[in-house]
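# Secondary and tertiary structure notes
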Amino acid sequence: MSVPRVWRRRKVLYRLEGAKCPKCGKIYFPARERCLECNTTPLEEYLFSGYGKIVTFTWVYTPPKGFKSRIPYCLAIIELEEGPRLTAQVVAVEQNDVSIGMPVEFAFRKIASEGKEGVITYGFKFRPKGYPNHAK
Amino acid sequence: MTTKREIGIVGYGVYIPRFRIKVDEIARIWGQPGELVSKSLGVFEKSVPDMDEDTATIAVEAARNAVKMASINPEEIRAVYVGSESHPYAVKPTATIVAEAIGATPDTTAADLEFACKAGTAGVQMCYGLVKSKEMKFGLAIGADCSQGRPGDALEYTASAGACALLIGDKNLVASIDHTESVTTDTPDFWRREGATYPSHGGRFTGEPAYFKHVLTAARNIMESTGTKPSDFAYCVFHEPNAKFPLATAKKLGFTKEQLAPSLVVRYIGNTYSASSMIGLAAVLDIAKPSDRILMASYGSGAGSDAFIYTVKEGIEERRKSTPHVQDYLDHKFYLDYSMYAKHRGKIKM
Ligand SMILES: [Zn+2]
């Protein structure tokens, strides 16, 4: 991602900020300008709780360029407890720890760093809910 | 009747990565007697960050915990200071990342601080001053490090990763800051030049004229200026580069092993540098009772020590239920062997 694009998305990446329709209450992630249900604009900022569950997941062994040192890693579709779904990495887990329906929570991690000299992109990933007490 | 306005901690939060490597395993690689090294340092294992964790990410995690405990509107945090010797960028603050991630931006000031292992407590003093002078309601001070030791160097056994955030305010305190003062001299016991990957140190020079002189003086000074003695405190906390130094410090000052023991997390996570004494304090706050008094002295090479006296407040038992305790992070761990550790810390060039 380009530096301006990451910068514009920082509230989304850093805090899971989306949008809520002030009229009909529909929630969007990522944020959008206009409500798809009732056409209201503008929408309000909405901060997600950061809790959700795993809908489906896969372990990545053939990663895109720049992620080779991190394999294998778990990529999942997460359903946030407020409804919207997103794709994100699941961290702080070993291969046998992940299952469909598993409750997860927001984790703040490095998403990418461009070589030794480029900008570092930070943002949300997910980990087992209740970390580090999830296994107790 | 007037009540004295008190400044102190309204929320504290820690974060320790889940990976560990045993001192024994590091010693094995360098042909050293592991058990002996472990025993002489008083350190069994140290924490290691995940490959997508750095000082900024662990600072954010600790800060989120502190804000959660305080249960305040983050827009009221008007200062964010991150003390570290391992900021991810040479130029570009870590504190702006933390401020944005917790929702303190844009009406806040932010800065990165550097003073080896005491940059975090320097931030606590700055927040204390700003809140005390009524410039702001809340200030956030963080000590965070993902420190690196040169492979084969003595520092490699202990250089580890962890973060602690203290949210400072004047209402609904978990613990009051009753007094703080510092000792500083120019003493080159540990340094890292611009562009160098690993720090250098003055070997034996790091003990007597550096750590002990500053920490002992700061602790003695603060007891003298407040008219207190070791038996007035339930707990003491000193910077923990290993277990040996704080144990010797406690003894020299007249504290018992029992007063020091709860803060000695260095045995299980190593030296978390800027977070070291702050995580020690958090471990004490996790178990302390209202009206317990705590004496703390940090240490930063270069060199200086910040001393604090805290008094634990009513209601702490309820407040600390909202976030993970230091012990929870100590218990949840995953061991790495040296080769995986080398990969985690970027010691293998790809
Ligand atoms: Zn609508």
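About the criteria used
- Residues numbered from 1 in each chain as written.
- Chains lettered and ligands numbered in written order.
- Predicted model: local features only at pLDDT ≥ 70, side-chain atom pairs only at ≥ 80, totals over all residues.
- Heavy atoms only, no water.
- Helix = DSSP H or I, 4+ residues; strand = E, 2+ residues; numbered from the N terminus.
- Rg over C-alpha atoms; globule rule 2.2 N^0.38 Å.
- Buried < 20%, exposed > 50% of the residue type's maximum accessible area, 1.4 Å probe, protein only.
- Contact = heavy atoms within 4.5 Å.
- Areas by Shrake-Rupley, 256 points an atom, 1.4 Å probe, with all protein chains shown as cover.
- Pairing = 2+ DSSP bridges.
- pLDDT = per-residue confidence, 0-100.
- Core = buried A, V, L, I, M, F, W, Y, C linked by side-chain atoms within 4.5 Å.
- Domains from an automatic or database assignment.
- Buried area = accessible area lost by both parts, 1.4 Å probe.
- Donors = N, O, S within 2.8 Å, 3.2 Å for Na, K, Ca; no water.
- Tetrahedral: all angles 85-135°; square planar, octahedral: opposite > 155°, others 65-115°.
- Axes fitted to C-alpha atoms, helices over the stretch in contact; angles between N-to-C directions.
- Parallel < 35°, antiparallel > 145°, perpendicular 65-115°, else oblique.
- Left-handed = near helix turned anticlockwise from the far one by under 90°.
- Salt bridge = Lys/Arg side-chain N within 4 Å of Asp/Glu carboxyl O.
- Polar contact = N/O pair within 3.5 Å; in protein donor to acceptor, adjacent residues only side chain to side chain.

## Some thoughts on the overall build of chain B
- Looking only at helices and strands, chain B has 13 helices and 14 strands in total.
- Here chain B has a C-alpha radius of gyration of 19 Å; the compact-globule value for 350 residues is 20 Å, and the two agree.
- Its C-alpha atoms give chain B principal-axis dimensions of roughly 70 × 45 × 40 Å.
- In chain B, which comprises 350 residues, the proportion classed as buried is 62%.

## Notes on the overall build of chain A
- A count of helical and extended segments in chain A gives two helices and eight strands.
- Along the chain direction, N to C, the helices and strands of chain A fall in the order α-α-β-β-β-β-β-β-β-β.
- If one aligns the C-alpha atoms of chain A with their principal axes, the spans along those axes are about 45 × 40 × 25 Å.
- Evaluated residue by residue, chain A yields a buried proportion of 43% over its 136 residues.
- Put simply, of all contacts in chain A between residues at least 6 apart along the chain, 48% involve residues at least 24 apart.
- For chain A, the accessible surface area stands at approximately 7,500 Å², while carbon and sulfur atoms represent 51% of it.

## Regarding the side chain of Ser263 of chain B
- Looking at the secondary structure, you find Ser263 of chain B in the loop between helix H8 (257-260) and helix H9 (266-269).
- Those residues within four positions of Ser263 of chain B in sequence are excluded, and the remaining contacts are Cys236, Val237, Glu240, Gly280 and Val284 of chain B.

## A word on the pairing of strand E6 (residues 138-146) of chain B
Residue and element names in this part refer to chain B.
- With respect to burial, E6 is a largely interior element, nine of its nine residues being buried.
- Burial of E6 is two-sided: the residues Phe138, Leu140, Ile142, Ala144 and Cys146 facing one way and the residues Gly139, Ala141, Gly143 and Asp145 facing the other way are all buried.
- When strand E4 (residues 77-83) meets E6, the two strands line up parallel, connected through five bridges. From the neighbouring strand, Val82 faces E6, where its bridge partner is Ile142.

## A look at the confidence of the model for chain B
- On average, residues of chain B score 95 in pLDDT, and 97% of them are at 70 or above.
- Across the interfaces of the predicted complex, the ipTM metric reaches 0.95, alongside a pTM of 0.96.

## What about the nonpolar core?
Residue and element names in this part refer to chain B.
- Core analysis: the biggest nonpolar cluster contains 107 residues, and Ile77, Leu140, Leu166 and Tyr310 have the highest contact counts within it.
- The leading source of residues in this core is helix H3 (residues 55-70), at 10 residues.
- Discounting residues that sit within four places of it in the chain, Leu140 has contacts with Ala63, Ala66, Ile77, Ala79, Val80, Tyr81, Ile102, Cys127, Ala165, Leu166 and Leu167.

## What to know about the domain arrangement of chain B
All names here are of chain B.
- Taken domain by domain, chain B comprises domain 1 (8-174 + 318-335) and domain 2 (176-315).
- The gap between the C-alpha centroids of domain 1 and domain 2 is 15 Å.
- Facing the 59 residues of domain 1 at the interface are 55 residues of domain 2.
- Both faces combined, the contact of domain 1 with domain 2 buries some 4,400 Å², and carbon together with sulfur accounts for 62% of it.
- On the domain 1 side of the interface with domain 2, the three residues burying the most area are Cys117, Thr121 and Gln125, jointly 13% of the side's total.

## Some remarks on the pairing of strand E2 (residues 19-22) of chain B
Residues and elements named next belong to chain B.
- Sheet topology places E2 next to strand E3 (residues 45-48); four bridges connect them, and they run antiparallel. Residue pairing for E3: Ile21 is matched across the bridge by Lys46.
- Relative to strand E14 (residues 334-335), E2 runs parallel, the two sharing two bridges. Directly across from Arg20, in E14, lies its bridge partner Tyr335.

## Brief notes about the coordination of the zinc ion
Residues and elements named next belong to chain A.
- Every protein donor of the zinc ion is accounted for by Cys21 (SG), Cys24 (SG), Cys35 (SG) and Cys38 (SG), and the metal-donor separations fall at 2.3 Å.
- In this structure, the zinc ion is coordinated by four donor atoms arranged in tetrahedral fashion, with angles at the metal of 101 to 118°.
- Donor residues for the zinc ion sit on one chain with the sequence pattern C-x2-C-x10-C-x2-C.
- Looking at Cys35, the relative accessible area reads 3%, which means it is buried.
- A relative accessible area of 26% means that Cys38 is categorised as partly exposed.

## Observations concerning the packing of H3 of chain B against helix H4 (residues 95-102) of chain B
Residue and element names in this part refer to chain B.
- Between H3 and H4, the least distance of the axes is 9 Å, while the angle of their chain directions is 40°. In this view, H3 runs oblique relative to H4, as classed from their interaxial angle. The chirality of how H3 crosses H4 is right-handed. Along its contact with H3, which presents Ala56, Ala59, Val60, Ala63, Arg64 and Val67, the element H4 presents Ile97, Val98, Ala101 and Ile102.

## Some words on helix H10 (residues 276-285) of chain B
- Burial analysis of H10 of chain B places 10 of its 10 residues in the buried class, the great majority of the element.
- Regarding H10 of chain B, the residues found buried are Ser276, Ser277, Met278, Ile279, Gly280, Leu281, Ala282, Ala283, Val284 and Leu285 of chain B.

## Notes on the interface of chain B and chain A
- Taken together, the contact between chain B and chain A spans 29 residues of the former and 30 residues of the latter.
- Taking both sides of the interface into account, the surface hidden between chain B and chain A amounts to around 2,600 Å²; carbon and sulfur atoms contribute 50%.
- Of all residues in chain B, Arg18, Asp52 and Glu100 of chain B give up the largest surface area on contact with chain A, accounting jointly for 23% of the area buried on that side.
- Between the two partners, chain B and chain A, sit 10 salt bridges.
- Residues Asp331 of chain B and Lys136 of chain A are paired through a salt bridge, measuring 3.8 Å at the closest nitrogen-oxygen approach.
- Linking chain B with chain A are 14 residue pairs in polar contact (both at pLDDT 80 or more).

## Notes on the sheet that holds E2 of chain B
- Read from one edge to the other, the open sheet built from three strands follows the order E3-E2-E14 (chain B), with strand pairing classed as mixed. If you trace the sheet from one side to the other, it starts and ends with E3 and E14 of chain B, each paired once.

## Concerning the side chain of Arg127 of chain A
- When you line up the elements, Arg127 of chain A lands in strand E8 (residues 120-128).
- A distance of 3.2 Å separates the side chain of Arg127 of chain A from the side chain of Glu61 of chain B, its partner in a polar contact.
- Ignoring any residue separated from it by four or fewer positions in sequence, one finds Arg127 of chain A in contact with Val91, Ala92, Pro103, Val104, Glu105, Phe106 and Ala107 of chain A together with Tyr15 and Glu61 of chain B.

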